[in-house]
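Residue strings, one per chain:
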Amino acid sequence: MKIAIAASLVVSAAAFSQEASRREVVSAGAAAIGAAFLPAAANAAVGESPRFSVFGLIGDGSSYSEGAAYGTDQSSKLYSPYSVYGEAGDGSLFNPADPSIAGKKKAVLAETKKRLDKLPKFIEKKAWFEVTTELDRYMGETRAAVRYLAQTPEQKKKATAFFKAIESTDINARRKNQEACAASQKESVAALAAFVSSI
């Protein structure tokens, strides 16, 4: 922003001058822009070559490659030679066995039930955009929660039945098929209840 302002001031000042040619105006603008970039180059030392590191093996070991110097500043072993993250373990911030995560996923399913219960009034009014929007708005989160909570083959089967029911509701809303959409909505609520009762 500052560069553009400086360049425009130089060019506009030169443009008002009767004696300045077009070439002088352009060269003055280019000089102003070039001067704005000079401080960025001031960090390099005279005679110093660029520092680089290739996989932390070749080059300058003090250069920070990929933001973590390939493990030289990490306190634990990395996930892989190409990663800046440590291996998953007991000290990890995310623990899949944490019971609070399952609680959050179940709360998502409770919210999903509320959203599915809104659909009949939209279907009755033939407000198809509202039906598809309500399904699009939250069902990504719902899918993630259902996939996380479905552990046994029976639960996975019920999850698939629920997914098919909400997809059928969405397709029938897009086709503006009121009867089929209403039936699919009821099926999706029943499939969700069956899944929730299995976890």
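Predicted model only: the values in this text are computed from it and were never measured.

Q: What am I meant to see in the packing of aromatic side chains here?
A: How two aromatic rings sit relative to each other is given by the distance of their centres and the angle of their planes. Within this structure, the stated rule accounts for 1 aromatic pair. Consider the rings of Phe162 and Phe163, whose centres lie 6.1 Å apart with planes at 45°: the pair is tilted. An identical accessibility class is assigned to Phe162 and Phe163; each is buried. Here the guanidinium or amino end of Lys105 rests over the ring plane of Tyr148, the centre of that ring lying 5.5 Å away. Directly above the ring of Phe163 sits Arg143, whose terminal nitrogen or CZ lies 4.7 Å from the centroid.

Q: Looking at this model, I keep getting lost on the pattern of salt bridges. Mind explaining?
A: Two side chains with opposite charge may pair up if their charged atoms get near one another. Inspection of every chain in the model, using the stated rule, returns 7 salt bridges. Between Arg174 and Asp136 there is a salt bridge, with the nearest N and O atoms lying 3.4 Å from each other. Here Arg174, found in helix α5 (residues 153-174), pairs with Asp136, found in helix α4 (residues 128-149); they are 38 residues apart in sequence, far enough to count as distant. The exposure class of Arg174 is partly exposed, given its relative accessible area of 48%. The partner of Arg174 in a salt bridge is Asp170, and the shortest N-O contact between them spans 2.9 Å. Within this pair, Arg174 and its partner Asp170 are both found in helix α5, separated by 4 residues, close to a single helical turn. The exposure class of Asp170 is buried, given its relative accessible area of 15%. Taken together, the shared-partner salt bridges in this structure form one network comprising Glu111, Arg115, Glu134 and Arg137.

Q: What exactly am I supposed to notice about unusual backbone geometry here?
A: For residues besides glycine, phi is generally negative; the peptide bonds are generally trans as well. Even without being a glycine, Lys126 presents a positive backbone phi close to 60°. Mapped onto the secondary structure, Lys126 falls in the loop between α3 (99-124) and α4. With a phi close to 60°, Lys176 is a non-glycine residue in the positive phi region. Exposure remark for Lys176: the relative accessible area of 59% places this residue in the exposed category.

Q: Looking at this structure, how should I read helix α6 (residues 178-198)?
A: Along an α-helix, residues three or four positions apart point the same way, because every turn accommodates 3.6 residues. Its 21 residues give α6 an end-to-end C-alpha distance of 30 Å, which sits within 8% of 30 Å, the value for a rise of 1.5 Å per residue. Where α6 is concerned, the buried positions are Cys181, Ser184, Gln185, Ser188, Val189, Ala191, Leu192 and Phe195. Considered in projection along α6, the buried side chains sweep an arc of 165° and stay on one side of the axis. Pointing more than 90 degrees away from the buried face of α6 are the exposed residues Glu179, Lys186 and Ser197. On its buried face, α6 sits against α3, α4 and α5.

Q: It is not clear to me how the packing of α3 against α6 should be interpreted in this structure. Could you clarify?
A: How two helices pack is summed up by the angle between their axes together with the distance between the axes. Running from N to C, α3 and α6 cross one another at 165°; their axes reach a closest spacing of 10 Å. The angle between α3 and α6 places the two elements in the roughly antiparallel class. At the point where α3 passes α6, the crossing takes the left-handed sense. Here Leu109, Thr112, Lys113, Leu116, Asp117, Leu119, Pro120, Ile123 and Glu124 of α3 lie close against α6, whose contacting residues are Gln178, Cys181, Ala182, Gln185, Ser188, Val189, Leu192, Phe195 and Val196.

What counts and what doesn't
Residues numbered from 1 in each chain as written. Predicted model: local features only at pLDDT ≥ 70, side-chain atom pairs only at ≥ 80, totals over all residues. Heavy atoms only, no water. Phe/Tyr/Trp six-rings, centres within 6.5 Å; stacked < 30°, edge-to-face > 60°. Buried < 20%, exposed > 50% of the residue type's maximum accessible area, 1.4 Å probe, protein only. Lys NZ or Arg CZ within 6 Å of the ring centre and 35° of its normal. Salt bridge = Lys/Arg side-chain N within 4 Å of Asp/Glu carboxyl O. Helix = DSSP H or I, 4+ residues; strand = E, 2+ residues; numbered from the N terminus. Expected span 1.5 Å × (residues − 1). Arc of directions from axis to C-beta. Contact = heavy atoms within 4.5 Å. Axes fitted to C-alpha atoms, helices over the stretch in contact; angles between N-to-C directions. Parallel < 35°, antiparallel > 145°, perpendicular 65-115°, else oblique. Left-handed = near helix turned anticlockwise from the far one by under 90°.

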